[in-house]
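Observations on chain architecture
Listed here are the chains, written in short residue letters.
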Amino acid sequence: MSEQYDPQGRYDVINRLNGDKLGELVKGVLYEGAPDYRQKVGTVTLDEGLSFTHEGAVFDLVPQAQG
């Protein structure tokens, strides 16, 4: 069973090809800029399930642990 996208959730954005973390998706808004990910990039439209394409690469969303 695949996880459902929660538009109010918080996710790590992981490059499917190399496993690197690009940023974080918070309530549908993508943030980049390691290590604190505060640079707002814009909104994301999911391709399928918990994945999307950004600048020609495919990224997966990994839910962050609720704290």
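Up top is the structure these notes are about.
The structure displayed is predicted, hence computed values, not measured ones.

What counts, and at which threshold
- Residues numbered from 1 in each chain as written.
- Predicted model: local features only at pLDDT ≥ 70, side-chain atom pairs only at ≥ 80, totals over all residues.
- Heavy atoms only, no water.
- Pairing = 2+ DSSP bridges.
- Helix = DSSP H or I, 4+ residues; strand = E, 2+ residues; numbered from the N terminus.
- Axes fitted to C-alpha atoms, helices over the stretch in contact; angles between N-to-C directions.
- Polar contact = N/O pair within 3.5 Å; in protein donor to acceptor, adjacent residues only side chain to side chain.
- Salt bridge = Lys/Arg side-chain N within 4 Å of Asp/Glu carboxyl O.
- Buried < 20%, exposed > 50% of the residue type's maximum accessible area, 1.4 Å probe, protein only.

Across 5 bridges, the pairing between strand β1 (residues 10-15) and strand β2 (residues 21-26) is antiparallel. In the sheet register, Arg10 faces β2, and the bridge partner there is Val26. Remark: 5 residues form the turn of the hairpin made by β1 and β2, two consecutive strands paired antiparallel; Gly19 in that turn has positive phi of roughly 80°. Both β1 and strand β6 (residues 57-63) contribute to a ladder of 5 bridges, which runs antiparallel.

Let us now look at the sheet that holds β6. Taking strand neighbours across the sheet as the criterion, the 6 strands line up as β4-β3-β2-β1-β6-β5 in an open arrangement whose pairing is antiparallel. Each edge of the open sheet is held by one strand with a lone partner, namely β4 (39-43) and β5 (51-54). On average, each strand axis in the sheet is inclined to that of its neighbour by 35°, with strand direction left out of account.

Before going further, it helps to examine the side chain of Asp12. With respect to the helices, strands and loops of the structure, Asp12 is situated in strand β1. In this structure the side chain of Asp12 is engaged in a polar contact, spanning 2.6 Å, whose partner is the side chain of Gln64.

Another point: the pattern of salt bridges. Within the structure shown, the criterion is met by 5 salt bridges. Glu24 is the partner of Arg10 in a salt bridge, and the nearest nitrogen-oxygen pair spans 2.9 Å. Of this pair, Arg10 sits in strand β1 while Glu24 sits in strand β2, and the two are 14 residues apart along the sequence. On the basis of relative accessibility, which here comes to 41%, the residue Arg10 falls in the partly exposed class. The closest approach of N and O atoms between Arg16 and Asp60, which form a salt bridge, is 2.7 Å. Placement of the pair is Arg16 in the loop between β1 and β2 and Asp60 in strand β6, with a sequence separation of 44 residues. With relative accessibility at 49%, the residue Arg16 sits in the partly exposed group. On the basis of relative accessible area, Asp60 is assigned to the partly exposed category, the value being 23%. Overlapping salt bridges bring together Arg10, Asp12, Lys21 and Glu24 as one network.

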